[in-house]
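Notes for the structure review
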Amino acid sequence: MMNLDLIFPEIFLSLSIMTLLMIGVFKKKSENLVYNLSIITLAILFTMVVNLFAINDQFIFNYSYKIDNLSSFMKALTILSGIFVMISSSIYLKSLNILKIEYPILILSSILGMMVMISSNDLIVFYLGLELQSLALYVLASFNRDNILSSESGLKYFVLSALSSGLLLYGCSLVYGFSGSTNFIEIANTAKNIEYGVDRKSTRLNSSHRCIS
């Protein structure tokens, strides 16, 4: 039976994002409330991730999602960075009068995508996490709509990220064609079993013998 306790931080963050979005939509002038609740959510999420440090090399979803000490450490570091961004940017947003409910929700969505990327053990899961965090960052880059530089940065980031995503998918397709799998473990095993150096060396020796003869 699948142990969903391993992804309880991701589930909690997803439910929190939806709950905060509903609060912001149905409650007027709730920007400060949603902002403060988002910081509290990240603090609770940090404690959940810290509790996963005792878990070593656990896989779920058919070995496509991995939980270990390294992934838990990187998730905790990502969450701390999110808390720092939330606290340090509040004064800036209030000074420009652009504090909206969407800002903390977009940050939480981006953190969720980063957490999925960190624990991914499959190319498809990795790409889903990458796009989740990228889509939120598109909007954050152009969040100040009255500033032309902000809109320009969002557009440039979107174009560059779209090109990068296309190249990434092309590379993933080549890796899949080479290994026959999108799982990182299967890809690594396939790469270990194929000895390119020996094949190339034997090819060079055969060609040199033909030239001598």
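What you see is a predicted model, and the numbers here were worked out from it, not measured in a lab.

Basis of the calculations
- Residues numbered from 1 in each chain as written.
- Predicted model: local features only at pLDDT ≥ 70, side-chain atom pairs only at ≥ 80, totals over all residues.
- Heavy atoms only, no water.
- Helix = DSSP H or I, 4+ residues; strand = E, 2+ residues; numbered from the N terminus.
- Rg over C-alpha atoms; globule rule 2.2 N^0.38 Å.
- Areas by Shrake-Rupley, 256 points an atom, 1.4 Å probe, with all protein chains shown as cover.
- Lys, Arg positive; Asp, Glu negative; His and termini not counted.
- Charge placed at Lys NZ, Arg CZ, Asp CG, Glu CD.
- Axes fitted to C-alpha atoms, helices over the stretch in contact; angles between N-to-C directions.
- Parallel < 35°, antiparallel > 145°, perpendicular 65-115°, else oblique.
- Left-handed = near helix turned anticlockwise from the far one by under 90°.
- Contact = heavy atoms within 4.5 Å.
- Nonpolar A, V, L, I, M, F, W, Y, C, P; charged D, E, K, R; others polar.
- Phe/Tyr/Trp six-rings, centres within 6.5 Å; stacked < 30°, edge-to-face > 60°.
- Expected span 1.5 Å × (residues − 1).
- Buried < 20%, exposed > 50% of the residue type's maximum accessible area, 1.4 Å probe, protein only.
- Polar contact = N/O pair within 3.5 Å; in protein donor to acceptor, adjacent residues only side chain to side chain.
- Patch = residues over 30% accessible without salt bridge, like charges linked within 9 Å, V, L, I, M, F, W, Y side chains within 5 Å.
- Salt bridge = Lys/Arg side-chain N within 4 Å of Asp/Glu carboxyl O.
- Core = buried A, V, L, I, M, F, W, Y, C linked by side-chain atoms within 4.5 Å.

Right, let's get into the overall build of the protein chain. Of the regular secondary structure elements, the protein chain holds 8 helices and 2 strands. Start at the N end of the protein chain and walk to the C end: the helices and strands fall as α-α-β-β-α-α-α-α-α-α. Taken over C-alpha atoms, the radius of gyration comes to 23 Å for the protein chain, far larger than the 17 Å a tight globule of 213 residues would show. For the protein chain, the spread of C-alpha atoms along the principal axes amounts to about 85 × 45 × 25 Å. When the accessible surface of the protein chain is summed, it comes to about 13,100 Å², and 67% of that surface belongs to carbon and sulfur atoms. Within the protein chain, one finds 14 positive and 13 negative side-chain charges whose respective centroids are separated by 6 Å.

What follows concerns the packing of helix α4 (residues 102-119) against helix α5 (residues 123-141). The contact between α4 and α5 brings their axes to 7 Å, and the two run at 160°. Between α4 and α5, the angle falls in the class roughly antiparallel. Taken as a pair, α4 and α5 cross one another with a handedness that is left-handed. Contacts between α4 and α5 pair Tyr103, Leu106, Ile107, Ser109, Ser110, Leu112, Gly113, Met114, Val116 and Met117 from the former with Val125, Phe126, Gly129, Leu130, Leu132, Gln133, Ala136, Leu137, Val139 and Leu140 from the latter. Class assignment for the residues of the contact of α4 with α5 results in 15 nonpolar, 5 polar and no charged.

This paragraph deals with unusual backbone geometry. Of note, Phe61 is a non-glycine position whose phi angle comes to about 55°, a positive value. With respect to the element layout, Phe61 can be found in the loop between β1 (58-60) and β2 (65-67).

Within this structure, the stated rule accounts for 6 aromatic pairs. Ring geometry for Phe59 and Tyr63: centres 5.2 Å apart, planes at 40°, overall tilted.

Within an α-helix, residues lying three or four positions from one another point in the same direction, as the helix has 3.6 residues per turn. Along its 32 residues, helix α6 (residues 148-179) runs 46 Å from first to last C-alpha, staying within 8% of the 46 Å computed at 1.5 Å per residue. Taken as a whole, α6 has its buried residues at Ser150, Gly154, Ser161, Ser165, Cys172 and Ser179. Residues of α6 that are buried sit in contact with α5 and α7 (184-193). The opening residue of α6 is Asn147, an N-cap whose side-chain oxygen sits 3.0 Å from the backbone nitrogen of Leu149. Phi for Gly180, located one or two positions after α6, is positive at around 80°.

Bringing a nonpolar patch on the surface into the picture now. The grouping of Leu4, Phe8, Ile11, Leu15, Met18 and Phe61 at the surface amounts to a nonpolar patch, some 540 Å² of accessible area in total. Examined against the element boundaries, Leu15 turns out to sit in helix α1 (residues 8-26).

Turning our attention to the environment of Leu80. By secondary structure assignment, the location of Leu80 is in helix α3 (residues 69-96). For Leu80, a relative accessible area of 43% translates into the label partly exposed. Each C-alpha atom, one on Leu80 and one on Ser173, is 34 Å from the other, the two residues being 93 residues apart in sequence.

Let's shift gears to the pattern of salt bridges. For side chains of opposite charge, pairing can occur when their charged atoms come near one another. Enumeration over the complete set of coordinates arrives at 4 salt bridges. Between Lys66 and Asp57 there is a salt bridge; the shortest N-O distance is 3.9 Å. Across the pair Asp68 and Lys66 runs a salt bridge, and its minimum N-O distance is 3.7 Å.

Turning our attention to the nonpolar core. Side chains that are nonpolar tend, in soluble globular proteins, to be buried together. Leu13, Leu42, Leu45, Ile79 and Ile111 are the most contacted members of the largest nonpolar core, which has 28 residues in total. Those elements that place two or more of their residues in this core are α1, α2 (31-50), α3 and α4. Discounting residues that sit within four places of it in the chain, Leu13 has contacts with Thr41, Leu45, Leu108, Ile111, Leu112 and Met115. The next biggest cluster of nonpolar side chains, apart from the first, holds 7 residues, and it includes Ile7, Tyr65, Ile67 and Val125.

Glancing now at the side chain of Glu10. Within the fold, Glu10 resides in helix α1. On the basis of relative accessible area, Glu10 is assigned to the buried category, the value being 7%. A polar contact is formed between the side chain of Glu10 and the side chain of Tyr65, at a distance of 2.7 Å. Each residue touching Glu10, except ones within four places of it in the same chain, is listed here: Tyr65, Lys75, Leu112, Met115 and Ser119.

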